[in-house]
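# Understanding the architecture of this molecule
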Amino acid sequence: MQLIIHVEQGREVTASKEIIESIGKALQLTDDESAHLIQLWNPNETVAISSIQTTLNPQWQNIIEQLSYPSFISNDRAEVLAWNSAANEVIIDFSSMPVSERVMIRLLFVDPGLRRRMINWEEFASYSVAVYRTYYDKYRGDPWFEETVEQLRVESTEFDTMWKLHNIQLKKVNRVSFQIPGAVDVVSYDINSLASIADHPDMHMCIYTPILEGKASFK
């Protein structure tokens with residue numbers, strides 16, 4: 001366990017790849033966790049990390065506006081760069097907030113309205129923190145990530161607790177349920193994330209596909 005801690009903290013270790021893999025198996029790590037452990041262990045692997053895109057070609061805004069399901073485009077920072085009207089209605093009103101506040105991982109923990117309408121908030125928040133840690137480690141040493149995480153740890157004790165678990169998770173199809181204000185029914189969505197759009201590997205299009213057919217009934 002001491003070796004694992006040293007690897008997570010970026011300290012130099014002399015264990016071979018085989019030993020690290022054996023530790024992963026002994027700890028019954030998932031495939032994502034094992035891959036992450038190997039990535040942290042290997043000090044000789046040079047990975048070219050391009051700068052994170054913070055602007056988007058207008059054509060992608062036009063494309064996403066044509067989708068009927070709630071959808072948005074974000075980067076590895078979880079900054080929301082584009083969204084459609086369905087996302088404004090179901091998830092959160094991105095159009096009404098300043099650019100600096102359109103960060104999904106932060107909104108998830110500090111926006112009370114989003115939390116109220118998200119029925120499975122705790123499960124989804126835990127998953128989101130684990131995904132965000134993979135990006136945090138990918139851009140290790142990036143001041144933007146470090147400042148964002150430290151600010152969230154101060155603002156939210158729940159984020160701080162989840163962050164200390166050091167869980168990691170690659171993005172996958174995930175499910176979220178919303179109780180939209182004024183609606184009678186709970187609507188569940190599968191979130192499909194399409195990565196590497198427009199030749200930018202740090203961009204992701206998230207499409208919320210409803211599981212149940214039909215629309216929620218409004219009072």
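Remember, it's a predicted structure, so these values are computed and weren't measured experimentally.

Cut-offs applied
As a convention, each chain's residues are numbered from 1 in the sequence order in which they are written. This being a predicted model, a pLDDT of at least 70 is required before a residue's local features are given, and a value of 80 or more before pairs of side-chain atoms are given or counted; all residues contribute to the totals for chains, interfaces and linings. Only hydrogens and water are set aside when side-chain values are computed; all heavy atoms of the structure are taken into account. Geometry is summarised by axes, namely lines fitted to C-alpha atoms with helices restricted to the contacting stretch, and by angles between N-to-C directions that run from 0 to 180 degrees. Strands are runs of DSSP state E lasting at least two residues, helices are runs of H or I lasting at least four, and both sets are numbered from the N terminus onward. Any angle between 65 and 115 degrees counts as roughly perpendicular, while under 35 counts as roughly parallel, over 145 as roughly antiparallel, and the rest as oblique. Residue contacts follow a heavy-atom distance rule, with two residues in contact if any of their heavy atoms lie within 4.5 Å. Residues are grouped as follows: Ala, Val, Leu, Ile, Met, Phe, Trp, Tyr, Cys and Pro are nonpolar; Asp, Glu, Lys and Arg are charged; all remaining types, including Gly, are polar. By definition, a salt bridge exists where a carboxyl oxygen of Asp or Glu is found within 4 Å of a side-chain nitrogen of Lys or Arg. Think of it in three bands: with a 1.4 Å probe and only protein chains considered, a residue is buried below 20% of the maximum accessible area for its type, exposed above 50%, and partly exposed in between. Pairing between strands is defined by DSSP: at least two bridges between the two strands are required.

### Description of the packing of helix α9 (residues 143–155) against helix α10 (residues 157–164)
Relative to each other, α9 and α10 sit at 125°, their axes nearing to 5 Å. Classified by the interaxial angle, the pair formed by α9 and α10 is oblique. Along its contact with α9, which presents V149, L152, R153 and E155, the element α10 presents T157, F159, D160, W163 and K164. Along the lines of polarity and charge, the residues of the contact of α9 with α10 split into 4 nonpolar, 1 polar and 4 charged.

### Notes on the pattern of salt bridges
Applying the stated criterion across every chain, the model contains 9 salt bridges. Two residues, K138 and D76, come together in a salt bridge whose shortest N-O distance is 3.1 Å. Separated by 62 residues along the polypeptide, K138 in helix α8 (residues 121–138) and D76 in the loop between β1 (71–75) and β2 (80–83) bring together distant segments of the chain. We classify D76 as buried; its relative accessible area is 1%.

### Some remarks on the environment of Q169
For Q169, the location among the structural elements is in the loop between α10 and β3 (174–178). A residue is classified by how much of its surface remains accessible, and Q169, at 18% relative accessible area, is buried.

### So, the environment of D160
Structurally, D160 is set in helix α10. Distance in space between the C-alpha atoms of D160 and V149 is 8.7 Å, their sequence separation being 11 residues.

### Thoughts on unusual backbone geometry
If you check the backbone angles, A78 has positive phi at about 75° while not being a glycine. Given a relative accessible area of 12%, A78 falls into the buried group. Within the chain, H166 stands out as a residue other than glycine whose phi angle is a positive 60°. Within the element layout of this structure, H166 appears in the loop between α10 and β3.

### Examining the pairing of β1
Where a strand is regular, its side chains alternate between the two sheet faces. β1 sits mainly inside the fold: 5 of its 5 residues count as buried. Burial along β1 is two-sided: the residues S71, I73 and N75 and F72 and S74 are all buried. Alignment of β1 against strand β5 (residues 203–210), held across 5 bridges, turns out to be antiparallel. Across the sheet, residue S74 finds its bridge partner in β5, namely H204. Between β1 and β2, which pair antiparallel and follow one another directly, the connecting turn spans 4 residues, one of which, A78, has a positive phi of 75°.

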